[in-house]
Amino acid sequence: MPITPPQDGLPIPQRYGAILAIALGITVAVLDGAIANVALPTIARELHASPAESIWIVNAYQLAIIVSLLSLSFLGDILGYRRIYQAGLVLFTCTSLFCALSGSLEMLTFARVLQGFGGAALMSVNTALIRIIYPQRYLGRGMGINSLIVAVSTAAGPTVAAAILSVASWKWLFLINVPVCLAALYLALRFLPDNQQKAQEQRFDVPSAIMNALTFGLMISALSGFAQGQSGKLILAEVVALVIVGAVFIRRQLRLPFPLFPVDLLRIPVFSLSLGTSVCSFCAQMLAMVSLPFFLQTVLHRSEVATGLLLTPWPLATMVMAPIAGRLIERFHAGLLGAVGLTVFALGLFALALLPATPGDGDIIWRMILCGAGFGLFQSPNNHTIITSAPRHRSGGASGMLGTARLLGQTSGAALVALMFNLFDARGTHASLLLAGCFSTVAAIVSAVRMTQPRA
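Rules behind the numbers
Residues numbered from 1 in each chain as written. Predicted model: local features only at pLDDT ≥ 70, side-chain atom pairs only at ≥ 80, totals over all residues. Heavy atoms only, no water. Helix = DSSP H or I, 4+ residues; strand = E, 2+ residues; numbered from the N terminus. Rg over C-alpha atoms; globule rule 2.2 N^0.38 Å. Buried < 20%, exposed > 50% of the residue type's maximum accessible area, 1.4 Å probe, protein only. Contact = heavy atoms within 4.5 Å. Areas by Shrake-Rupley, 256 points an atom, 1.4 Å probe, with all protein chains shown as cover. Lys, Arg positive; Asp, Glu negative; His and termini not counted. Charge placed at Lys NZ, Arg CZ, Asp CG, Glu CD. Core = buried A, V, L, I, M, F, W, Y, C linked by side-chain atoms within 4.5 Å. Salt bridge = Lys/Arg side-chain N within 4 Å of Asp/Glu carboxyl O. Polar contact = N/O pair within 3.5 Å; in protein donor to acceptor, adjacent residues only side chain to side chain.

**Observations concerning the overall build of the protein**
Part 1 of the reasoning: Counting its regular elements, the protein contains 19 helices and zero strands.
Part 2 of the reasoning: Taken against the 2.2 N^0.38 rule, which gives 23 Å for 456 residues, the C-alpha radius of gyration of the protein at 21 Å falls within 12% of a compact globule.
Part 3 of the reasoning: Along the first, second and third principal axes, the C-alpha set of the protein runs to 60 × 50 × 45 Å.
Part 4 of the reasoning: In the protein, which comprises 456 residues, the proportion classed as buried is 55%.
Part 5 of the reasoning: The contacts of the protein with a sequence gap of at least 6 include a subset with a gap of at least 24, amounting to 83%.
Part 6 of the reasoning: Total accessible area on the protein stands at roughly 18400 Å², and carbon and sulfur atoms take up 71% of it.
Part 7 of the reasoning: Across the protein, the mean location of the 27 positive side-chain charges is 10 Å away from that of the 16 negative side-chain charges.

**Re the nonpolar core**
Part 1 of the reasoning: In this structure, I22, I26, Y85, L129, I133 and L192 are the most contacted members of the largest nonpolar core, which totals 69 residues.
Part 2 of the reasoning: With ten residues, helix α6 (residues 105–133) is the largest single contributor of residues to this core.
Part 3 of the reasoning: Other than its neighbours up to four places away in sequence, I133 contacts G9, L10, R15, A18, I19, I22, L192 and P193.
Part 4 of the reasoning: Of all hydrophobic cores here, the second largest spans 33 residues; its members include L311, M368, A431 and L433.

**A word on the pattern of salt bridges**
Part 1 of the reasoning: By the definition in use, this model includes six salt bridges.
Part 2 of the reasoning: Between R141 and E330 there is a salt bridge, with its nearest N and O atoms 2.8 Å apart. With a gap of 189 residues between them, R141 in helix α7 (residues 139–165) and E330 in the loop between α15 (313–328) and α16 (334–353) connect regions that are remote in the sequence.
Part 3 of the reasoning: Of the residues examined, R141 reaches a relative accessible area of 25% and is grouped as partly exposed.
Part 4 of the reasoning: Taken together, the shared-partner salt bridges connect D77, D264 and R394 into one network.

**With respect to the environment of S104**
Part 1 of the reasoning: Relative to the elements of secondary structure, S104 occurs in the loop between α5 (81–101) and α6.
Part 2 of the reasoning: For the pair formed by S104 and H48, sequence separation is 56 residues and the distance between their alpha carbons is 8.2 Å.
Part 3 of the reasoning: A distance of 3.2 Å separates a polar side-chain atom of S104 from the backbone nitrogen of M107.

What follows is the structure in structure tokens.
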């Protein structure tokens, strides 16, 4: 029997079980976005694939998530967030097993696409569920926990992968998901709440779902192709197709009473400003996180182990700050917290870009802490604003847009790193960090503008 929550959140025992179900599911979904990177050389060798071909093991998962996220969040508004989340756990469990049993690159890539759809189901409704689980006055704390889980899972990917590969084959990178997902499914069946109000009038529009997938797929493909120096004619063809499909898609959404791409929510100023802030900040984060390992190893000649340790203060500072920020939202405007956090983040990024020629470990560590603390102070209040500025029956759409903004920012940031290295060669890391600081500064200004809007 699904739990139908009271008007304002779940009671304490059920609340803990529900949040643990979400924590476990989101951990494996986010972790699997990065966990395969470390094993790519091993997987490519065992499956007799080239390094370039093996990249699709990572790209297929990310692409499947970004093209299906909004469609699944829309279904959550109609069918219930609980059902979508549980279906995602079942699919993620089965496809993790499929990945482990794959004997060829083609089979593994196909399994990763299906696994991406499962991950998208989990990511599309997780914050909408948190809105139901927590009382309104404590919602910021729930968002803080969610931000903490995403930050730790993202940062822990390479470490977890290295630990598993040191004692087992690459197949265990996927098999380890099975018991975690089964535990999450048990908790989800027992504790997750059902929607208090489903969108009875909404109807799923298949043409919109197809155009949504094409629009985001073409956008990511064109951006990545441009950054990696692919054929200009191919990129131009993708951009033309993107403009045509995107224009038709948006025109269709504007005519629908309940659009799949939530143009109705984008008309809410604080929602749009918060999304813009999110895209810029995650772009800045990825610019730094992808380029810094190259800088530490190739310029400063640190070992792989030392590089991992020097990067660790960033996620640790985010871990500490995210729950604190979740509580501060109960007292301060999210625009103010975001502006302060992103300013600190920008200062940390510019400080990293201006490192001395031969920095000590301490010089690097305090800058990493500054970046992590600033990002942690911003993220929880920003997520809180995105969710609470949407009507309750459109929480799924808001949750989907939150995840889409994060993935778009991260994908754009990674592509821009490749572009910076192509343009500036050995100075690519320095250029990436300066660009990241500029993105964070823009995000801080946009966040400050939100203070002119009513508090969500």
